[in-house]
Amino acid sequence: MSTQYPEDRLQKLADLRAAGVDPYPAAPPTARELASEVLESFDAREGEVVTICGRVLGRRGYGKLAFLDLDDISGRIQAVMEKALVEEGSFALLKQLNLGDFIEVTGTLKKTQKGQASVYGTRMRILCKALLDPPAKWHGMSDVELRARMRYVDLFANEGIRPHFLKRSAVLSSIRNTLAQHNYNEVETPVLHPIYGGANARPFHTHHNTLDMGLYLRIAPELYLKRLLVGGLERVFELARVFRNEGISNRHNPEFTMLEFYEAYADFSIMADRTEQIVVEAARAAGCEQEDGSLQANFREENFNLATPFQRIRYADAFLEHVGIEATDREALVERLKTEGIEVTGEGDYFWWKAVNNLFERFAEPQLRGPVFVTHYPAAICPLAKPSAEDPTWAERFEFFLGGMELANAFSELNDPEQQLENFERQVQDSDEEAPNAVDYDYVRALAYGMPPAGGCGIGIDRLVMILLGSDSIRDVLLFPLMRPDED
RNA sequence: GGGGGCAUAACUCAGUUGGUAGAGUAGCUGGCUUUUAACCAGUAGGUCCAAGGUUCAAGUCCUUGUGCCCUCACCA
């Protein structure tokens, strides 16, 4: 990107400075009011003098009269600059004004002849001179690549984008509120991990110079959060940015936000209750509430009713329904795996169930529109979950599906250090390159000091926001999705 | 990584059969005291993504590369 600016802009800058006007004044404006607040109370306040600050996004100029549209976080208000009314020098500033500039207007609240509530300026001050033109006012900036690369332009040039992203903020606040209701504490754990774990994913590598130490960007905060349970922090959560060195798609970004929360003396079914509440409150915060009080999300031309309680079905039942075979019918499964071309890549339960789960993902998951909790996953593929007491074939685990996507994953946390060590060692032997690279012995030692029985849950926040806001692509809910560098 | 598509002015887009590059908006100059996509007149603005190739002639056809989008695979 060159730093060539249009000559006329540079000329205006020079003219302003020659006239003793600072195009980038330092002093913050005082007693500034928001556009929408002024407009809401306009009738009662007509005749009052107010000060408005904002970006000029519209201008309709006449010889001795100009209408300016000022845009701020709250909305838009029209300023009218009438030569007869403004103080010496302010009107001349209009000559140097461009769309995109930030200005401060002080003036009287008054309606125009057409009845539009406006600020009739008596004084105008340039707060920031823009050197580049905003996009065409009518079409805005619609190229998806440009919008993502230059989100700073997208946000002011396209209507509805700021409210859209503010809804994501509202969802995050709502999540914090919901967890606070249950006495959770927000914590921060390391992003730089010497050993990566807590999920199956390829990590990003990095390096610390002074310690001459290889590090990974975390793929999940899970193992650190559970160390906190060992330490006696009974209810903790982290809104964690995590990093996975994998493909990019309309539902994958290399860095994304995962909520993980852990609760001592709880189990996976309590985590399902929490998840349900978090999703419902988030939907309310995102504006999914309808006139009849119901919560509806429209995602990819499909409607999802978020009425509680959400459906809960067992993995084995869903498996039978959609795959057509009992998940424990080994003979029939061997046949089916063969016809589907799914290989069992090793000896033992883990590899067997991995292959079986492949069938589940292929045939059952696409049918799970949600909201639905699928419970009791095969224990062999749940290295961090506690096996069910009634039948250790199944783990106390659920995955939550909504909009055809897996949104959450939770279990009763495994707190048997010897079992955990065994699971870790088996994972490391797995030839799968996404499996953890080394046994986290420190985590096993932590468990050996005793971790209370607990439930834990992870929710993919970006995907939740996609569904609640009806965004087809994860890039539409990320302010700055990862892009290849574009030399221009 | 496989398959398909797109790339032209700051922005949004036209560009015919291969024949000298176009519009609207924004910008600039001038006019205008009630507009709200203001209007009127004038003016300026281009590495047609990049590099090759075919051709008398390429924005247009071919090859390769780059970026983005869609889709499949992997994942959350």
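Computed from a predicted model, the values in this text were never measured in an experiment.

A.B. asks: Just to check I follow, could you spell out a nonpolar patch on the surface for this structure?
C.D. replies: There is a patch of nonpolar side chains on the surface, built from Tyr5, Leu10 and Leu132 and spanning about 250 Å² of accessible area. By the element assignment, tyrosine 5 lies in the segment before helix 1 (7-18).

A.B. asks: Sorry if this is basic, but what is going on with the side chain of arginine 55 here?
C.D. replies: With respect to the helices and strands, arginine 55 occurs in strand 2 (residues 49-61). Notably, arginine 55 is buried but unbridged: the nearest opposite-charge side chain belongs to aspartate 71, and the N-O separation is 5.5 Å. Here the side chain of arginine 55 touches glycine 100 through a polar contact of 3.5 Å, landing on its backbone oxygen. In this structure arginine 55 touches Asp69, Leu70, Asp71, Gly100, Asp101, Phe102 and Phe156, once residues within four positions along its chain are discounted.

A.B. asks: Help me understand the protein's contact with RNA strand B, please; the structure alone is not making it clear to me.
C.D. replies: The local shell around RNA strand B holds 49 residues, among which Lys12, Lys114, Lys137, His252 and Arg463 are the closest. Each atom of RNA strand B within 4 Å of the protein was classed as base or backbone; sugar and phosphate made up 58%. A distance of 2.6 Å is found between a sugar or linking oxygen of RNA strand B and a backbone nitrogen or oxygen belonging to glycine 140. If you tally residues by element for the surface near RNA strand B, the top one is helix 5 (residues 144-149), at four residues. A per-class count over the surface near RNA strand B returns 13 nonpolar, 14 polar and 22 charged.

A.B. asks: Explanation requested: the nonpolar core in the structure shown.
C.D. replies: Of all hydrophobic cores here, the largest spans 47 residues; its most connected members are Phe319, Trp353, Phe360 and Val374. Among the secondary structure elements, those contributing two or more residues to this core are helix 8 (222-230), strand 12 (255-264), helix 10 (315-323), helix 11 (330-340), helix 12 (349-364), strand 16 (372-375) and helix 14 (441-448). In terms of residue count, helix 12 provides more of this core than any other element does, nine residues in total. Leaving out residues up to four positions away in the same chain, valine 374 has contacts with Ile313, Arg314, Tyr315, Phe360, Leu368, Arg397, Phe398, Glu399 and Phe401. With 45 residues, the next largest nonpolar core counts Val280, Phe400, Ile467 and Leu468 among its residues.

A.B. asks: What am I meant to see in unusual backbone geometry here?
C.D. replies: Leaving glycine aside, a negative phi is the common case for residues, and trans is the common case for peptide bonds. Cis geometry is adopted by the peptide bond preceding proline 309, which originates at threonine 308 and carries an omega value of -5 degrees. Tracing the backbone through its elements, the reader meets proline 309 in the loop between strand 14 (302-305) and strand 15 (311-314). In this structure, proline 371 follows glycine 370 across a cis peptide bond, with omega equal to 0 degrees. With respect to the helices, strands and loops of the structure, proline 371 is situated in the loop between helix 12 and strand 16. Phi at aspartate 212 takes a positive value of approximately 45 degrees, unusual for a residue other than glycine. Among the structural elements, aspartate 212 can be located in the loop between strand 9 (205-208) and strand 10 (213-217). Positive phi outside glycine occurs at histidine 376, with the angle close to 60 degrees.

A.B. asks: What is the right way to look at the packing of aromatic side chains in this model?
C.D. replies: A ring pair, where both rings are aromatic, is described by two values, the distance of the centres and the angle of the planes. Applying the stated criterion across every chain yields a total of 16 aromatic pairs. Summarising the aromatic geometry, the rings of tyrosine 184 and phenylalanine 261 are spaced 6.0 Å apart at their centres and angled 75 degrees between planes, so their arrangement reads as edge-to-face. Of this pair, tyrosine 184 sits in the loop between helix 7 (161-181) and strand 7 (185-186) while phenylalanine 261 sits in strand 12, placing them 77 residues apart in sequence. Judged by its relative accessible area of 6%, tyrosine 184 falls in the buried class. Taking the centre distance of 6.1 Å and the plane angle of 70 degrees together, the rings of phenylalanine 360 and tyrosine 377 count as edge-to-face. Residue phenylalanine 360 is found in helix 12, and its partner tyrosine 377 is found in the loop between strand 16 and strand 17 (397-402); the two are separated by 17 residues along the sequence. Tyrosine 377 matches phenylalanine 360 in its accessibility class, with the two residues each being buried. Chaining the aromatic ring pairs together yields one cluster made of Tyr315, Phe319, Trp353, Phe360, Tyr377 and Trp394. One cation-aromatic arrangement involves arginine 312 over phenylalanine 373; the distance from NZ or CZ to the ring centre is 5.2 Å. Looking at arginine 336, its charged tip hangs above the ring of phenylalanine 363, at a distance of 4.9 Å from the centre.

A.B. asks: Help me understand the packing of helix 7 against helix 9 (residues 268-285), please; the structure alone is not making it clear to me.
C.D. replies: Between two packed helices, both the angle of their axes relative to each other and the distance between the axes serve to describe the pair. Following both chains from N to C, one finds helix 7 and helix 9 inclined at 140 degrees, their axes separated by 8 Å at the closest point. With respect to helix 9, the axis of helix 7 lies oblique. In terms of crossing hand, the pair formed by helix 7 and helix 9 is right-handed. Taking contact as the criterion, the partners of Ala170, Val171, Ser174, Ile175, Thr178, Leu179 and Gln181 in helix 7 are, on helix 9, Gln277, Ile278, Glu281, Ala282 and Ala285. Split by residue class, the contact of helix 7 with helix 9 holds seven nonpolar, four polar and one charged.

A.B. asks: Explain the layout of surface pockets to me, please; I cannot follow it from the model alone.
C.D. replies: In this structure, the second largest pocket spans a volume of roughly 570 Å³. Taken together, 29 residues line the second largest pocket, and the ones lying closest to its centre are Leu57, Arg76, Phe156, Ala157 and Glu159. Contributing elements (two or more residues each) for the lining of the second largest pocket: strand 2, strand 3 (65-72), strand 4 (75-82), helix 6 (151-157) and helix 7. If you tally residues by element for the lining of the second largest pocket, the top one is strand 2, at five residues.

A.B. asks: What should I look at first to understand helix 13 (residues 417-429) in this one?
C.D. replies: Think of an α-helix as 3.6 residues a turn; residues three or four steps apart then line up on the same face. The first and last C-alpha atoms of helix 13 sit 18 Å apart over 13 residues, in line with the 18 Å expected at 1.5 Å per residue. Looking at helix 13, one finds that the buried residues are Gln420, Asn423, Phe424 and Gln427. For helix 13, the arc enclosing every buried residue in end-on projection is 100 degrees, short of the 170-degree limit, so these residues lie on one face. Facing away from the buried surface of helix 13 by more than 90 degrees, the exposed residues are Glu418, Glu422 and Gln429. Each element contacted by the buried residues of helix 13 is listed here: helix 8 and helix 14. Here helix 13 starts with a cap whose side-chain oxygen sits 2.9 Å from the backbone nitrogen of glutamate 418, and that cap is aspartate 416.

A.B. asks: Help me understand the sheet that holds strand 9, please; the structure alone is not making it clear to me.
C.D. replies: On the basis of which strands lie adjacent, the open sheet formed by three strands has the order 8-10-9 and antiparallel pairing. Two strands close off the open sheet at either side, each with one partner strand: strand 8 (192-193) and strand 9. Two elements, strand 8 and strand 10, share two bridges in a ladder whose sense is antiparallel. Within strand 10, the position partnered with leucine 192 by the bridge is leucine 217.

Procedures and definitions
- Residues numbered from 1 in each chain as written.
- Chains lettered and ligands numbered in written order.
- Predicted model: local features only at pLDDT ≥ 70, side-chain atom pairs only at ≥ 80, totals over all residues.
- Heavy atoms only, no water.
- Patch = residues over 30% accessible without salt bridge, like charges linked within 9 Å, V, L, I, M, F, W, Y side chains within 5 Å.
- Areas by Shrake-Rupley, 256 points an atom, 1.4 Å probe, with all protein chains shown as cover.
- Salt bridge = Lys/Arg side-chain N within 4 Å of Asp/Glu carboxyl O.
- Helix = DSSP H or I, 4+ residues; strand = E, 2+ residues; numbered from the N terminus.
- Buried < 20%, exposed > 50% of the residue type's maximum accessible area, 1.4 Å probe, protein only.
- Lys, Arg positive; Asp, Glu negative; His and termini not counted.
- Polar contact = N/O pair within 3.5 Å; in protein donor to acceptor, adjacent residues only side chain to side chain.
- Contact = heavy atoms within 4.5 Å.
- Near = heavy atom within 4 Å.
- Nonpolar A, V, L, I, M, F, W, Y, C, P; charged D, E, K, R; others polar.
- Core = buried A, V, L, I, M, F, W, Y, C linked by side-chain atoms within 4.5 Å.
- Phe/Tyr/Trp six-rings, centres within 6.5 Å; stacked < 30°, edge-to-face > 60°.
- Lys NZ or Arg CZ within 6 Å of the ring centre and 35° of its normal.
- Axes fitted to C-alpha atoms, helices over the stretch in contact; angles between N-to-C directions.
- Parallel < 35°, antiparallel > 145°, perpendicular 65-115°, else oblique.
- Left-handed = near helix turned anticlockwise from the far one by under 90°.
- 1 Å grid on protein atoms, 1.4 Å probe; cavity = no way out; pocket = protein on both sides within 12 Å on 5 of 7 lines; lining within 4 Å.
- Points joined across faces, edges and corners; volume = space filled by probe spheres on them.
- Expected span 1.5 Å × (residues − 1).
- Arc of directions from axis to C-beta.
- Pairing = 2+ DSSP bridges.

Shape descriptors only; they carry no functional weight alone.
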